[in-house]
Amino acid sequence: MDARVKDSKDLDDSFPINYEEFVKDADFLWSCILKTNAKESSNQETFMKALENCLSYLNGLKLEEIKAICLKDDMAEKISMIIDLKDYVYNSLIDEWKDSFTDL
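Residues numbered from 1 in each chain as written. Predicted model: local features only at pLDDT ≥ 70, side-chain atom pairs only at ≥ 80, totals over all residues. Heavy atoms only, no water.

Draft legend 1. Structural context of the pattern of salt bridges. Counting across every chain of the model gives 4 salt bridges. In this structure, the salt-bridge partner of Glu52 is Lys49, at a minimum N-O distance of 3.5 Å. Of this pair, Glu52 and Lys49 both sit in helix α5 (residues 44–59), 3 residues apart, roughly one helical turn. On the accessibility criterion, Glu52 (32% relative accessible area) is partly exposed. The class for Lys49 is partly exposed, based on a relative accessible area of 45%. The salt bridge partner of Asp73 is Lys72, with a shortest N-O separation of 3.9 Å. Assessed through its relative accessible area of 14%, Lys72 is described here as buried. Connected through shared salt-bridge partners, Asp27, Asp74 and Lys78 make up one network. (Salt bridge = Lys/Arg side-chain N within 4 Å of Asp/Glu carboxyl O. Helix = DSSP H or I, 4+ residues; strand = E, 2+ residues; numbered from the N terminus. Buried < 20%, exposed > 50% of the residue type's maximum accessible area, 1.4 Å probe, protein only.)

Draft legend 2. Quick look at the nonpolar core. In this structure, Tyr19, Phe22, Leu29, Leu51, Leu58, Ile69 and Ile82 are the most contacted members of the largest nonpolar core, which totals 26 residues. No other element matches α5, which puts 8 residues into this core. Ignoring sequence-local partners within four residues, the contact set of Tyr19 consists of Tyr57, Ile69, Lys72 and Met75. (Core = buried A, V, L, I, M, F, W, Y, C linked by side-chain atoms within 4.5 Å. Contact = heavy atoms within 4.5 Å.)

Draft legend 3. Seen up close, helix α6 (residues 63–70). Of the positions making up α6, those classed as buried are Ile66, Ala68 and Ile69. For α6, the angular spread of the buried residues around the axis is 160 degrees, confining them to a single face. Facing away from the buried side of α6 by over 90 degrees, the exposed positions are Leu63, Glu64 and Lys67. (Arc of directions from axis to C-beta.)

Draft legend 4. Region of the structure containing the environment of Asp27. When you line up the elements, Asp27 lands in helix α3 (residues 19–34). Of the residues examined, Asp27 reaches a relative accessible area of 30% and is grouped as partly exposed. Once the C-alpha coordinates of Asp27 and Met75 are considered, the two residues, 48 residues apart in sequence, prove to be 9.1 Å apart.

Draft legend 5. Structural detail: the packing of aromatic side chains. All told, the structure shown has 1 aromatic pair when counted by the stated rule. On the basis of an interplanar angle of 20 degrees and a centroid distance of 4.7 Å, the ring pair of Phe22 and Tyr57 is categorised as stacked. With Phe22 in helix α3 and Tyr57 in helix α5, this pair connects stretches of sequence that are 35 residues apart. Grouping residues by exposure puts Phe22 and Tyr57 together as buried. (Phe/Tyr/Trp six-rings, centres within 6.5 Å; stacked < 30°, edge-to-face > 60°.)

See the structure below:
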């Protein structure tokens, strides 16, 4: 048996509080990005809130905790996507909103 699979329950027990909520938000973002039918049932506000929740969660973790989460199922891909969204979408939108609101 693969050690990663065997130790998966032990990893779940060691994850920080709110891990399940993080997974739910990460799954939602993954679906919105990769599944065309999910895009229709989501809205921008829900998407941005899920992204904000994921970023807050990851920012509160130590590198070792993030590495442990990456070993779980397809979480490495989802975390990579969340980081890309932060770099290319979230920060740009926040900067744009700040510029728009400071012009008022």
